[in-house]
Amino acid sequence: MGLVDTHCHLQSERFAGDRDAVLQATLEKLDWIVVIGDDIPSSEEALPLLGPRVYGVVGMHPYYAKDCDDATYDRLREMAARPEVIALGEMGLDYFNEYSPRDVQAVAFRKQLDLACELDMPIVIHNREADEDCYAILAEYAPRLAGCIMHCFGSGPDYAEKFLDLGFYISFAGNVTFKKAVDLQEAAKIVPLDRLLVETDAPFLAPVPLRGKRCEPHFVSHTADFLADLKGVDRERLARETTSNAHRVYRIPQPTP
Ligand code: NI
């Protein structure tokens, strides 16, 4: 079994010139990938890319919470009805870039959580420097959630523990490989193998040794290998476990060996 990129933005304009080639190279190397939206246009742009081994997630990033109205949630509901759309997100809170006021972010977050509960779909969370509020809201919804991924995890081991206690999955992107990411690496050490995921967040955050380049989904192998070494498990096993977790949380049937 190979690897999965559980979170990338292949619809990004950074891939405008060579998207087909990147997708082809990716599908030669990975089992499957997830293309995720940040707002309505980027969610819509993801749809034509979906098909065999390419799944979609639609949602409103907290940056764009101020743009949300009733039509936004209606459109998300429509897109979520497509069989290749497997979750809602990325949604959450971002207090590092407060492009939308905090109370407005919370409203958009809760609206999407309500929709996920209603549709019984897993969710993908963006949380940046908002641990306390993000945890409080998610703890309230946790018993009703179909599944939850803390994407591009950016907190320390204390919050990793708290989100694990809610039954969530923790996903690491290329920034865990950065030399100064000590707190993040400490968090990765405590995440059990059956709750660990890997992602690229491409085109962002290319892992070492490709740091600074435009990130492509198949770069996820560098992050996976780094995590295997960090956790002291062999690379094959880390790939097997994270891919099996991705099947479980996104509810994609696993091929029988
Ligand atoms: Ni993302």
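Described below are features of the structure shown in this document.

Rules used in this analysis
- Residues numbered from 1 in each chain as written.
- Predicted model: local features only at pLDDT ≥ 70, side-chain atom pairs only at ≥ 80, totals over all residues.
- Heavy atoms only, no water.
- 1 Å grid on protein atoms, 1.4 Å probe; cavity = no way out; pocket = protein on both sides within 12 Å on 5 of 7 lines; lining within 4 Å.
- Points joined across faces, edges and corners; volume = space filled by probe spheres on them.
- Helix = DSSP H or I, 4+ residues; strand = E, 2+ residues; numbered from the N terminus.
- Nonpolar A, V, L, I, M, F, W, Y, C, P; charged D, E, K, R; others polar.
- Donors = N, O, S within 2.8 Å, 3.2 Å for Na, K, Ca; no water.
- Tetrahedral: all angles 85-135°; square planar, octahedral: opposite > 155°, others 65-115°.
- Buried < 20%, exposed > 50% of the residue type's maximum accessible area, 1.4 Å probe, protein only.

1. Remarks on the layout of surface pockets
Rolled over the atoms, a probe with the dimensions of a water molecule shows which regions are left empty. One number sums up the size of the largest pocket: a volume of about 870 Å³. Lining the largest pocket are 34 residues, and of these Tyr 63, His 126, Arg 128, Asp 201 and Leu 205 lie nearest its centre. Taken together, the elements giving at least two residues each to the lining of the largest pocket come down to α2 (40-46) and β5 (123-128). A breakdown of the residues in the lining of the largest pocket according to their chemical character gives 12 nonpolar, 12 polar and 10 charged.

2. Focus on the coordination of the nickel ion
Coordination of the nickel ion by the protein involves His 7 (NE2), His 9 (NE2), Glu 90 (OE) and Asp 201 (OD), with metal-donor separations of 2.1 to 2.2 Å. Its four donor atoms give the nickel ion angles of 85 to 178° at the centre, a pattern that matches the irregular case. Between consecutive donors of the nickel ion, the numbers of intervening residues give the motif H-x1-H-x80-E-x110-D. Of the two residues, His 9 is situated in the loop between β1 (3-8) and α1 (19-29) and Glu 90 in strand β4 (residues 85-94); the sequence distance between them amounts to 81 residues. Just as His 9 is buried, Glu 90 falls in that class too.

In short, the description is geometric, and any link to function would need to be established separately.
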